[in-house]
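What the coordinates show
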Amino acid sequence: MKRFTVLATVFALLLFCAETRAATTIKLGVVTKPGSAQNIAAEKFKELIERRSKGDIRVKIFHSASLGNETEILQQVQMNSIQMAIVTGGPFDTFDPMVRVINYPFLFKDYQQVDQVLDGPLGAEILKSLESSGFKGLCFSENGFRNLTNNKRPVRTPDDLKGLKIRVMASAIHKAIWQALGANPTPMPWPIYTELEQGVIDGQENPLWVMVVYKFYEIQKYLTLTRHVYSFHIDVASLKWWNTLDAKTQRMIKDAMYEAAVYQRKDNRSKNAERLKFLKAKGMQVVEDPDIDAFRAKVAKLRHMDVYKAPRVQSLLTRVMEATK
Ligand code: EAX
């Protein structure tokens, strides 16, 4: 009996050690709720890395703003209190102005250009730059092209924006865009359903999936397909944490995140037609071909404004514009 107890204890200890060997748990933060673009990328990453590491690496996803807003999520990544995050380009630009280049309005003609820039050397330059603010930039997943909704009137030209209070992300470039367009931009972190419902703001801008997943059709009447900014997520790790990992683990994480990002971009792009149909069926009035030239003309001056002033930012913007001509 005694021997059995000893054996049982040894066995239990061995099991315990095996468990602690698998102690690498990645805490990953997203501000959005399940069904959102960020969550789809995060869940795919979790699936891939847990399978490939045979359980040595686990991922715990913190979603729906349970860790705070996107700026707060990024601060936690910097400190390594969480190890990874998938965060929208907007709130990222106060950490590193290089991020503003991709958020330049009407920059990309199509997804081919997007992928070429993000997955190529120009995208790599942005990811590398993030190291100076404590992030290991892994790759980019996507929110998609952003469109305007509001509750006051159909918007066809920038003139229709006069006096509209439009919620923007906590981002210097997004604020500058809507100022240049003649609206009244109000920076506010995500989520914003209550603010829209109560009329604290008249409108907002986001890709179509957001209007569907967050049910904005319940509280916003007018949708304009402005596609003014290609909105990306940056998939990042804490640099502090990253530097403690061996090269093989780093490779495995980087590959899994990239594959998850590519999967999510494809998924997102395949659903936009269906989303538009759904939003119309829910009663939204859609302006499908706004006067984009007039919008473009209003924001042309942004290139020379303060948000792009830093020489390395200006240099990258020039090269990305060249690549997307
Ligand atoms: O991804 O804050 C925003 O407008 C973001 O696009 C939102 O988190 C949805």
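Below is a short write-up of the structure. (Residues numbered from 1 in each chain as written. Predicted model: local features only at pLDDT ≥ 70, side-chain atom pairs only at ≥ 80, totals over all residues.)

Quick look at the sheet that holds strand β8 (residues 203-206) now. Spatially, the six strands line up as an open sheet ordered β7-β6-β8-β5-β9-β11, and their pairing is mixed. Because the sheet does not close on itself, it has two edges, and the strands there are β7 (184-187) and β11 (285-287). Adjacent strand axes in the sheet meet at a mean angle of 25° when their direction is disregarded. Bridge count between strand β5 (residues 147-150) and strand β9 (residues 222-224): three bridges; the pairing is antiparallel. (Pairing = 2+ DSSP bridges. Helix = DSSP H or I, 4+ residues; strand = E, 2+ residues; numbered from the N terminus. Axes fitted to C-alpha atoms, helices over the stretch in contact; angles between N-to-C directions.)

Next up on the list: the sheet that holds strand β1 (residues 24-29). Strand pairs in the sheet, formed through backbone hydrogen bonds, run parallel or antiparallel to each other. Here five strands make up an open sheet; going across it, the order is β2-β1-β3-β10-β4 and the pairing mixed. The strands lining the two open edges of the sheet, one partner per strand, are β2 (57-62) and β4 (135-145). Each adjacent strand pair in this sheet contributes to an overall mean axis angle of 20°, direction not counted. Pairing between β1 and β2: six bridges, direction parallel. In the strand pairing of β2, T24 is matched with I57. On the sheet, helix α3 (residues 70-78) packs against β1, β3 (84-88), β4 and β10 (230-238) and is oriented at approximately 150° with respect to β3. (Contact = placed C-beta atoms within 7 Å.)

The next subject is the pairing of β3. For β3, the buried fraction is high: five of the five residues fall into the buried class. Side-chain alternation along β3 places M84, I86 and T88 on one buried face and A85 and V87 on a second face that is also buried. Two strands pair when backbone bridges link them, and β1 and β3 are joined in this way by two bridges, in the parallel orientation. For L28, the partnering residue across the bridge sits in β3 and is M84. Direction of pairing for β3 relative to β10: antiparallel, over a ladder of five bridges. Bridge pairing links I86 to D235 in β10. (Buried ≥ 20, exposed ≤ 12 C-beta atoms within 10 Å, placed from the backbone.)

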